[in-house]
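Listed below are the residues making up each chain.
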Amino acid sequence: MKVHLIIGFLLAVASPCFGQTPSASPTASPEITNRGKVFGSSLKKYNNKERQNSRDKQTNVESDDVETLRITTDLVVNDVLVTDQNGKMISELNQEDFIVTEDGAPQEIEVFSPGERAPIPRSIVLIINSCTPNVPYLKKSIAAAKTLVDELSPQDKMAIVTVDVRLLVDFTENKTLLKKTLDSVEKRSLEMRVIPGLGHYLPIFPGCGGSREFEALLATLNEMFEEKNRQPIIIFQGEAIEVTFLKPDKDAPYPIYDSIREMSDFGRFWEKGTSMSHLGFSDVKQAIERSRATIYSVATGIRFLGFSKKERMARGEISLENLYRSLGLRDNPRDTKVLGEFLTEVLTAAQTAMLRIAELSGGNLGFIEKPEDAEGVYSNTFKLISNRYLIGYYPTNQARDGKRREMKVEVRSHPEYIVTGRKAYFPQ
């Protein structure tokens, strides 16, 4: 009984299929544009019929497993982070320190600037999971996000999106409005509602309609970055357990479906769960490849990546205990082991997806394991953004053939340095 209750809880926070009625949108402001009213409309193209038509039109587009950038101007711009083998950021490099090649051909750097002095203003979208069952994560994260708002340069703009695929505020430099919008997210999260049919009163936040993190990310990538003269950045905070409900495909970052099927009871249940979404991770990957945005993923909860299976299982048991407490339930020794294994698989898959999203865009992954970690994670994210080097060049190959081109950025005389950024682009 408790096993199905916990699975039902995960479904409630990770799926839009419970038929919840979204709550009214926050009071409209001058910053809420027409885009806010139709935000998410690009998701219609992912139904089966329109998906096939879209694929037919993109037969010349390669889908290699690399970080990709699409541009519509002759100037190719890439922002890169340089670190040593220990992860320490390397600052104070000059234009002459970098070597740039495209398809192996040397390129002359025409635009160069350290991040904090970048001549191109930033457009930052914060995607935040207001549906999380752990209110303290959200409370501390919002406080940290407000600090980030204070750090924005006068020419920077920010927008806020929630995982119920709502654009709460469009790009604005109005810091007061941004903070008020964040306050409204926190206020909404404190309200609770009952999910019928689960046999228990579970906390779920109104207006969420279930977590739709990947749809919110897709809508942001597809619809938010029309201005080509601004640097697009996404801060993507959430749990990403919805990845376990995406259709299995060749780009799935973790074999969650095979591992779940090995547990017979869960396997039968999971067959229903996987039918809840018409999206696959390939759709997310392709949207990232078609965009120019750098994504900084922020995962909430106990970290599973980088640990042995034994260590992950121990962490899964801790996660299970925390979940039991959040539901007001007592531990049941008879199902703790199998349910702990289940949660370990789900959360490992989710965090692997968050990492993959960051890697595809040339970004970074941070972890908020405890609510008080939020301030440090957001501060470090802004530090990473500010310490990237902006490098631009006019390619020697001026053909607009739409074919993928590899670009490589290196630091002269320092092969040991690690350069993180996008690895390819598509000229249009």
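These remarks concern the structure in this document. (Residues numbered from 1 in each chain as written. Predicted model: local features only at pLDDT ≥ 70, side-chain atom pairs only at ≥ 80, totals over all residues. Heavy atoms only, no water.)

For the rest of this paragraph, the subject is the side chain of Arg422. Relative to the helices and strands, Arg422 is located in the loop between β14 (418–420) and β15 (424–427). Within the buried set, Arg422 has no salt-bridge partner at all; the shortest N-O distance to an opposite charge, 6.3 Å, is to Asp79. Of the polar contacts made by the side chain of Arg422, one reaches the backbone oxygen of Ile288; its length is 3.4 Å. (Helix = DSSP H or I, 4+ residues; strand = E, 2+ residues; numbered from the N terminus. Buried < 20%, exposed > 50% of the residue type's maximum accessible area, 1.4 Å probe, protein only. Lys, Arg positive; Asp, Glu negative; His and termini not counted. Salt bridge = Lys/Arg side-chain N within 4 Å of Asp/Glu carboxyl O. Polar contact = N/O pair within 3.5 Å; in protein donor to acceptor, adjacent residues only side chain to side chain.)

A separate point is the sheet that holds strand β2 (residues 76–83). Across the sheet, 4 strands lie side by side as β5-β12-β2-β14; this open sheet has antiparallel pairing. Where the open sheet ends on each side, the last strands, each with one partner, are β5 (109–114) and β14. The sheet shows a mean angle of 30 degrees between the axes of neighbouring strands, taken without regard to direction. Where β2 and β14 come together, 3 bridges link them in antiparallel fashion. Its bridge partner lying in β14, Leu81 is registered against Thr420. (Pairing = 2+ DSSP bridges. Axes fitted to C-alpha atoms, helices over the stretch in contact; angles between N-to-C directions.)

Here we take up the pattern of salt bridges. A complete count under the given rule lists 17 salt bridges for this structure. Arg35 is the salt-bridge partner of Asp170, the closest N and O atoms lying 2.8 Å from each other. You can see Asp170 sitting in strand β8 (residues 166–172) and its partner Arg35 sitting in helix α2 (residues 34–38), a full 135 residues away along the chain. Residue classification places Asp170 among the buried residues on the basis of a relative accessible area of 3%. Note that Glu406 and Arg404 form a salt bridge whose closest N and O atoms lie 3.3 Å from each other. When its relative accessible area of 16% is taken as the criterion, Arg404 is described as buried. When salt bridges that share partners are traced, they join Glu102, Asp401 and Arg405 into one network.

This part covers the environment of Ser361. In this fold, Ser361 is placed in helix α11 (residues 333–361). In sequence terms Ser361 and Ala293 are 68 residues apart; their C-alpha atoms lie 6.6 Å from each other. Polar side-chain contacts of Ser361 include one of 3.1 Å to the backbone oxygen of Ala358.

This paragraph deals with the packing of aromatic side chains. Summed over the entire model, instances satisfying the criterion amount to 4 aromatic pairs. An angle of 40 degrees between the planes, with centres 6.0 Å apart, marks the rings of Phe171 and Phe225 as tilted. Of this pair, Phe171 sits in strand β8 while Phe225 sits in the loop between α6 (213–223) and β9 (231–238); the two residues are 54 residues apart in sequence, bridging distant segments of the chain. A residue is classified by how much of its surface remains accessible, and Phe171, at 14% relative accessible area, is buried. Taken together, the ring pairs in this structure connect Phe98, Phe112 and Tyr389 into an aromatic cluster. Directly above the aromatic system of Phe307 lies the positively charged group of Arg315, at a separation of 3.8 Å from the ring centroid. (Phe/Tyr/Trp six-rings, centres within 6.5 Å; stacked < 30°, edge-to-face > 60°. Lys NZ or Arg CZ within 6 Å of the ring centre and 35° of its normal.)

A few words on the sheet that holds strand β10 (residues 294–300). Across the sheet, 6 strands lie side by side as β8-β7-β6-β9-β10-β11; this open sheet has mixed pairing. Of all the strands in the sheet, just β8 and β11 (364–368) have a single pairing partner and so form its edges. Across the sheet, the axes of successive neighbouring strands diverge by a mean angle of 15 degrees, strand direction being ignored. Where strand β6 (residues 122–128) meets β9, 7 bridges bridge the pair, whose relative direction is parallel.

In this section: the packing of α6 against helix α9 (residues 281–290). α9 packs onto α6 with a crossing angle of 25 degrees between their chain directions and a minimal axis gap of 9 Å. Judged by the inter-axis angle, α6 sits roughly parallel to α9. Note on packing geometry: the crossing formed by α6 with α9 is left-handed. Of the residues in α9, those in contact with Phe214, Leu217, Leu218, Leu221 and Asn222 of α6 are Phe281, Asp283, Val284, Ala287, Ile288 and Arg290. Split by residue class, the contact of α6 with α9 holds 8 nonpolar, 1 polar and 2 charged. (Parallel < 35°, antiparallel > 145°, perpendicular 65-115°, else oblique. Left-handed = near helix turned anticlockwise from the far one by under 90°. Contact = heavy atoms within 4.5 Å. Nonpolar A, V, L, I, M, F, W, Y, C, P; charged D, E, K, R; others polar.)

With that settled, consider the pairing of β15. Residues Ala424 and Phe426 point to one face of β15 and Tyr425 and Pro427 to the other, with burial holding for every one of them. As paired elements, strand β13 (residues 405–411) and β15 share 2 bridges and run antiparallel to each other. Opposite Glu406, over in β15, you have Ala424 as the bridge partner.

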